[in-house]
Amino acid sequence: MTRRDRARVAWPAGADPDELASRLRAAHEDFMVRDLAADPLGEVIQERHRAVRREVMDSWMRSRSGGVDPERSLPPTDFSTTDLRAYRSEHVLAPLMPIVRRLLIDGTVSDGMIVALTDDSGHLLWVEGDHVVRREVERIGFVEGARWAEQDTGTSAPGMALATGHEMQIFAAEHFTRAVHPWSCTAAPVHDPRTGRVLGVLDITGRAPAASPLMLSLVRATVAAMESALTVRELRSHATPRRPDKPRPQPGCRLEVLGTSTPVLTCAGAQQTVTLRHAELLLLLGRHPSGLTGDEIAALLYDGSASSVTVRAEISRLRRCVGTMLTESRPYRLAVPLRTDIDDVREHLARGDVLAALHAYPGPVLRRSEAPAVVALRDELAGEVHAAVIRTQDPRVLEEWTRRDDGSADWAAWRRLLSLLPAGSPASIRARAHAEALDRELRAPQPIAHRAARTPGLPRMGGRLV
């Protein structure tokens, strides 16, 4: 077994599942009460418990910073029954379901387990298998039409397979949400053999055996059969004239909030600029798909200083702007899923593609916003990007970062870049000159306000940027 495989397998060789489950529960409880500022990468918990894999810890961190509820599983459901049937009937994976049924669902393989197939956004298109298990997982929202992306339900095998682009097993308390701890799962992405694009995820969910090494082998073999069938279909399509595909429905809207003073909302292909306040409200409602009360909105936007009348007036103005995107009922919530460019950045970071994340990060979240929840989100994302930049082995990332206003005075980034460049190269000489200039500036007595102005939003340690 390769090192990569060991990182993705839930049970290490020779492990006792019951003992591992107990250790994971202890690690999860420790993580939930720990101050992340004191352990921003989860390394202390990993060292203390040793049961938590690095990829799982990274997913816990993203789930917690993304506001996923650690107690209840509340996946959004974006389709009516009729819309779901129409959507999946046209989906590229629909013709492959007979393969899934033959290899995993028919016979004894799925006894005590269920098999799910998602689209590339995490929507569960098909959930089939053991009827008893299907009824039980309905309590955690694992139903057809629900969206099980990482940003919606936290750490799970389907969500992580989408976020990372490779197969993953999640065992018991490795799930971020406690309500899902009784379950285990194995998932692998299905790729378009021609383009490499992820088309969806195949998942097996059940009790502990669903995350066994055998299940990983079965899922891999089934995905390989599915991708082979896609290759055959592609070859046949070149020999047979093909009718144009029907446009398939694309649920949800998109909000762009990074590095701009004019946020843009796109729904059904139509773009409109929105006010800062409307962008703040949409951003918060999108991050809380189960809805927010008026008091919760007041706390998140105004630090609790606004009255219920003020909140109702803001929501009323937002409804006039976005129409049916906002439900009429309370708590206040969006009627459709909302994706943001923040999600793009975090997905690139989850895949380890720091350069792509940096290209997707033109600047801070709603720079002019003073809403407490937005300020917290802005600082979180800036910290995630900066931490990834400083830890990268790719000098292109650091060169891109140090060309920016936020990175030009980042002493740690210049030093990191210097360590990765060939000694004596023109780029190395430039990096050394900048780092030494910053050294001189930081040693010189200057007004605090002046030095803070040079490095907005970047923390310092021992007089130097970190």
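First, a word on what this report is: a plain description of the structure on this page.

What counts and how
- Residues numbered from 1 in each chain as written.
- Predicted model: local features only at pLDDT ≥ 70, side-chain atom pairs only at ≥ 80, totals over all residues.
- Heavy atoms only, no water.
- Axes fitted to C-alpha atoms, helices over the stretch in contact; angles between N-to-C directions.
- Helix = DSSP H or I, 4+ residues; strand = E, 2+ residues; numbered from the N terminus.
- Parallel < 35°, antiparallel > 145°, perpendicular 65-115°, else oblique.
- Contact = heavy atoms within 4.5 Å.
- Nonpolar A, V, L, I, M, F, W, Y, C, P; charged D, E, K, R; others polar.
- Core = buried A, V, L, I, M, F, W, Y, C linked by side-chain atoms within 4.5 Å.
- Buried < 20%, exposed > 50% of the residue type's maximum accessible area, 1.4 Å probe, protein only.
- Expected span 1.5 Å × (residues − 1).
- Phe/Tyr/Trp six-rings, centres within 6.5 Å; stacked < 30°, edge-to-face > 60°.
- Lys NZ or Arg CZ within 6 Å of the ring centre and 35° of its normal.
- Arc of directions from axis to C-beta.
- Disulfide = S-S within 2.5 Å.
- Salt bridge = Lys/Arg side-chain N within 4 Å of Asp/Glu carboxyl O.
- Pairing = 2+ DSSP bridges.

### Some remarks on the packing of helix 11 (residues 276-287) against helix 16 (residues 372-391)
No. 1: Contact pair helix 11 / helix 16: the axes reach a minimum separation of 10 Å and the direction vectors enclose 70°. In terms of orientation, helix 11 lies roughly perpendicular with respect to helix 16. Where helix 11 abuts helix 16, its residues Glu280, Leu283, Leu284 and Arg287 lie against Ala373, Val374, Leu377 and Glu380.
No. 2: Taken together, the residues of the contact of helix 11 with helix 16 break down into 5 nonpolar, no polar and 3 charged.

### Regarding the nonpolar core
No. 1: Core analysis: the biggest nonpolar cluster contains 60 residues, and Leu265, Leu282 and Val365 have the highest contact counts within it.
No. 2: In terms of residue count, helix 16 provides more of this core than any other element does, 7 residues in total.
No. 3: Contact partners of leucine 265, with chain neighbours within four places excluded, come to Cys253, Arg254, Leu255, Ala270, Gln271, Gln272, Val274, Leu282, Val322, Met325 and Leu338.
No. 4: By size, the runner-up hydrophobic cluster in this structure holds 31 residues, among which are Val52, Val56, Phe176 and Val198.

### With respect to helix 16
No. 1: Taking 1.5 Å per residue, 20 residues should reach 28 Å; helix 16 reaches 29 Å between its end C-alpha atoms and fits that length.
No. 2: Of all the residues in helix 16, the buried ones are Ala373, Val374, Leu377, Arg378, Leu381, Val385, His386, Ala388 and Val389.
No. 3: For helix 16, the elements touching its buried residues are helix 11, helix 12 (294-302), helix 14 (341-350), helix 15 (354-359) and helix 17 (395-402).

### Focus: the packing of aromatic side chains
No. 1: Across all of its chains, the model carries 2 aromatic pairs by this definition.
No. 2: When the ring of phenylalanine 142 is compared with that of tryptophan 148, the centres are 5.1 Å apart and the planes differ by 70°; the resulting orientation is edge-to-face.
No. 3: It is arginine 64 that lies over the ring of phenylalanine 31; its NZ or CZ is 5.4 Å from the centre.
No. 4: In this structure, arginine 207 is placed above the aromatic ring of tryptophan 183, and the distance from its NZ or CZ to the ring centre is 3.8 Å.

### A closer look at helix 6 (residues 97-105)
No. 1: Buried within helix 6 we find Met97, Ile99, Val100, Leu104 and Ile105. Down the axis of helix 6, the sector holding all buried residues measures 160°, keeping them to one side.

### A few points about the state of the cysteines
No. 1: Under the counting rule described, the total for this entry stands at 1 disulfide.
No. 2: Sulfur-sulfur distance for the disulfide between cysteine 253 and cysteine 267 comes to 2.0 Å. Taking the sign of the S-S torsion, about 120° here, the bridge from cysteine 253 to cysteine 267 comes out right-handed. Placement of cysteine 253 in strand 6 (residues 253-256) and of cysteine 267 in strand 7 (residues 264-267) is noted, with a sequence separation of 14 residues between them.
No. 3: Distance from the sulfur of cysteine 321, which forms no disulfide, to the nearest cysteine sulfur (cysteine 267) is 9.5 Å.
No. 4: Residue cysteine 321 is classed as partly exposed on the basis of its relative accessible area of 24%.

### Looking at unusual backbone geometry
No. 1: Here alanine 172, not a glycine, exhibits a phi torsion of approximately 50°, which is positive.
No. 2: Note on placement: alanine 172 falls in the loop between strand 3 (168-170) and strand 4 (184-191).
No. 3: Look at leucine 366: it is not a glycine, yet its phi comes out positive at around 40°.
No. 4: Following the sequence through the fold, leucine 366 ends up in the loop between helix 15 and helix 16.
No. 5: Among the residues examined, leucine 366 registers a relative accessible area of 2% and is labelled buried.

### Details of the environment of alanine 409
No. 1: With respect to the secondary-structure elements, alanine 409 resides in the loop between helix 18 (405-408) and helix 19 (411-420).
No. 2: Spatially, the C-alpha atoms of alanine 409 and leucine 438 are 7.0 Å apart, while their sequence positions differ by 29 residues.

### A few points about the environment of glutamate 227
No. 1: Relative to the elements of secondary structure, glutamate 227 occurs in helix 10 (residues 213-239).
No. 2: Separated by 35 residues in the primary sequence, glutamate 227 and aspartate 192 have C-alpha atoms spaced 7.0 Å apart.
No. 3: Beyond its immediate stretch of four places on either side in the chain, glutamate 227 contacts Pro189, Val190, His191 and Pro193.

### Observations concerning the pattern of salt bridges
No. 1: Under the definition given, this model contains 26 salt bridges.
No. 2: Residue arginine 53 is joined to glutamate 174 by a salt bridge in which the shortest nitrogen-to-oxygen separation is 2.6 Å. Here the residue arginine 53 occupies a position in the loop between helix 3 (43-49) and helix 4 (54-65), and glutamate 174 occupies one in the loop between strand 3 and strand 4, the gap between them amounting to 121 residues.
No. 3: Exposure remark for glutamate 174: the relative accessible area of 1% places this residue in the buried category.
No. 4: For arginine 147, the salt bridge is made with aspartate 152, and the minimal N-O distance between the two is 2.5 Å. Accessibility classification places arginine 147 together with aspartate 152 in one group, the buried group.
No. 5: What you see here is one network of salt bridges that share partners, running through Arg254, Glu256, Arg339, Asp344 and Glu347.

### Observations regarding the sheet that holds strand 3
No. 1: Pairing is antiparallel in the open sheet, where 5 strands are placed in the order 2-1-5-4-3. The sheet is open, and its two borders are formed by strand 2 (124-129) and strand 3, each paired with just one other strand. Going across the sheet, the axis of each strand differs from the next one's by a mean of 15°, ignoring polarity.
No. 2: As judged from the 8 bridges shared by strand 4 and strand 5 (residues 198-206), these two strands associate in the antiparallel manner. Note that in strand 5 the partner of cysteine 185 across the bridge is threonine 205.
No. 3: The sheet contacts of helix 6 involve strand 1 (113-118), strand 2 and strand 5, and relative to strand 2 the element is tilted by about 30°.

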